[in-house]
Amino acid sequence: MTGILDGKVALVTGGGNGIGREAALAFAREGARVAVADYEVESARQTVALINAGGGQAISLSGDVTVAAQVQTMMDGVMAAYGRLDCAFNNAGIAPHQVDSAGQLTHEWSESSFDRMIEVNLKSVWLCMKHEIPLLLASGGGSIVNTASVAGLIGLRTATGYVAAKHAVIGLTKSAALEYAEQGIRVNAVCPGYIVTRMTERTRETRSEAILARTPMRRFGEPREIAEMVVWLSSDRASYVTGAAYEVDGGMTAS
Ligand SMILES: NC(=O)c1ccc[n+]([C@@H]2O[C@H](COP(=O)([O-])OP(=O)(O)OC[C@H]3O[C@@H](n4cnc5c(N)ncnc54)[C@H](O)[C@@H]3O)[C@@H](O)[C@H]2O)c1
């Protein structure tokens, strides 16, 4: 059977869990050889085991995407294993509760929480692109997909650091898209609504009703529904798509 990513090499950051894991599995199903990167090494290995069990080809890479030397080592790992890179999915990220800012208003966020949020959810995306782009240029072009969020398009209460980082991810995406369009690198963002992953576990327990009330489809999204968009954006089927930010949110931002 042929896949839409046959012959491609794909890197997924945050591939150990949630959206990243489903995307890694989807990349492999569509024929890509996959590098699954995460600082939770055991989780990345589990994703690789799932891919291998399904007959795909994958390697795990460990590293913190906020540390330049570790991002470089990740890229070295991709090149050592596969010798090229075609598709990068920059997806690793954290929620406000992971920087102890759950439920906090703008003036209540601590400086260290804000800094860490920007470092993980924004700077890492730039850092990964910085190291991926030379490899994509060497491959003669390719695709980058960055995980933004509906929080990259609208404001949300008690999430200002997260919202600021995700808006900026869309800015990075658009600017890079302009810079490399003529060299065959497409750069896009995906904007998930509320998706069933561990990141939203607490939110789904405490604010489910309010969230579903503003989601026209009246349900949370599944990680595989984001993965489908990521795979399509990464494939040649999206050959005229660059600089775009695609909502996959059950209609939330349309309402
Ligand atoms: N779940 C949602 O509703 C939702 C909605 C919009 C956007 N997002 C975004 O989707 C992405 C994935 O989130 P998820 O819901 O799958 O969460 P998740 O917690 O299930 O997965 C995130 C993964 O990123 C990894 N990670 C975090 N920081 C890292 C770092 N510094 N270095 C390396 N790996 C790191 C984690 O170990 C984890 O495996 C994030 O960028 C998140 O902001 C999620």
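For the structure, check the block above.
Our subject in this report is the structure included herewith. (Residues numbered from 1 in each chain as written. Predicted model: local features only at pLDDT ≥ 70, side-chain atom pairs only at ≥ 80, totals over all residues.)

## Focus on the nonpolar core
Part 1 of the reasoning: In this structure, Ala10, Val12, Ala24, Phe27, Val34, Val36 and Val230 are the most contacted members of the largest nonpolar core, which totals 70 residues.
Part 2 of the reasoning: Those residues in contact with valine 230 that sit more than four places away from it in its chain are Ala23, Phe89, Val145 and Val190. (Core = buried A, V, L, I, M, F, W, Y, C linked by C-beta atoms within 7 Å. Buried ≥ 20, exposed ≤ 12 C-beta atoms within 10 Å, placed from the backbone. Contact = placed C-beta atoms within 7 Å.)

## Focus: the environment of arginine 33
Part 1 of the reasoning: Along the chain, the position of arginine 33 falls in strand E2 (residues 33–38).
Part 2 of the reasoning: Distance in space between the C-alpha atoms of arginine 33 and methionine 117 is 31 Å, their sequence separation being 84 residues.
Part 3 of the reasoning: Ignoring any residue separated from it by four or fewer positions in sequence, one finds arginine 33 in contact with Val9, Gln57 and Tyr82. (Helix = DSSP H or I, 4+ residues; strand = E, 2+ residues; numbered from the N terminus.)

## Concerning the site of the ligand
Part 1 of the reasoning: If you check the shell around the ligand, you find 28 residues, and the closest are Gly14, Asn17, Gly18, Gly93 and Thr197.
Part 2 of the reasoning: Counting residues per element, the shell around the ligand draws most heavily on helix H1 (residues 18–29), at 3 residues.
Part 3 of the reasoning: Taken together, the residues that form the shell around the ligand break down as 10 nonpolar, 14 polar and 4 charged. (Near = placed C-beta within 6 Å. Nonpolar A, V, L, I, M, F, W, Y, C, P; charged D, E, K, R; others polar.)

## So, the sheet that holds strand E6 (residues 185–192)
Part 1 of the reasoning: With respect to topology, 7 strands assemble into an open sheet ordered E3-E2-E1-E4-E5-E6-E7, the strand pairing being parallel. Among the strands making up the open sheet, the edge pair consists of strand E3 (58–62) and strand E7 (245–248). Between one strand and the next, the sheet's axes are offset by a mean angle of 20°, whatever the strand orientation.
Part 2 of the reasoning: Across the face of the sheet, helix H5 (residues 160–180) comes into contact with strand E5 (142–147), E6 and E7 while running at roughly 160° to E6. (Pairing = 2+ DSSP bridges. Axes fitted to C-alpha atoms, helices over the stretch in contact; angles between N-to-C directions.)

## Structural notes on the pairing of strand E1 (residues 9–13)
Part 1 of the reasoning: Burial analysis of E1 places 5 of its 5 residues in the buried class, which makes it a mostly covered element.
Part 2 of the reasoning: Examined bridge by bridge, E1 and E2 share 5 bridges and lie parallel to one another. Within E2, the position partnered with alanine 10 by the bridge is valine 34.
Part 3 of the reasoning: With respect to chirality, the unit in which E1 leads through H1 into the neighbouring parallel E2 is right-handed.
Part 4 of the reasoning: Taken together, the 3 bridges between E1 and strand E4 (residues 87–90) define a ladder with parallel strand orientation. Directly across from valine 12, in E4, lies its bridge partner phenylalanine 89. (Right-handed = clockwise from strand over helix to strand, strands pointing away.)

## Section: the packing of helix H4 (residues 111–138) against H5
Part 1 of the reasoning: Where H4 contacts H5, the two axes come as close as 9 Å, and the packing angle between them is 15°. Comparing the axis directions of H4 and H5 gives the class roughly parallel. In this structure, H4 meets H5 at a crossing whose hand is right-handed. Between H4 and H5, the contacting residues are Ser113, Phe114, Met117, Ile118, Asn121, Leu122, Val125, Trp126, Met129 and Ile133 on the first element and Gly161, Tyr162, Ala165, Lys166, Ala168, Val169, Leu172, Ala176 and Tyr180 on the second.
Part 2 of the reasoning: For the contact of H4 with H5, the class distribution of residues is 15 nonpolar, 3 polar and 1 charged. (Parallel < 35°, antiparallel > 145°, perpendicular 65-115°, else oblique. Left-handed = near helix turned anticlockwise from the far one by under 90°.)

## Regarding unusual backbone geometry
Part 1 of the reasoning: Non-glycine residue aspartate 100 carries a positive phi angle of around 60°.
Part 2 of the reasoning: By the element assignment, aspartate 100 lies in the loop between E4 and H4.
Part 3 of the reasoning: At threonine 158, a residue that is not glycine, the phi angle is positive and equals roughly 55°.
Part 4 of the reasoning: Note that threonine 158 resides in the loop between E5 and H5.
Part 5 of the reasoning: Given 15 C-beta atoms within a 10 Å radius, threonine 158 is considered partly exposed.

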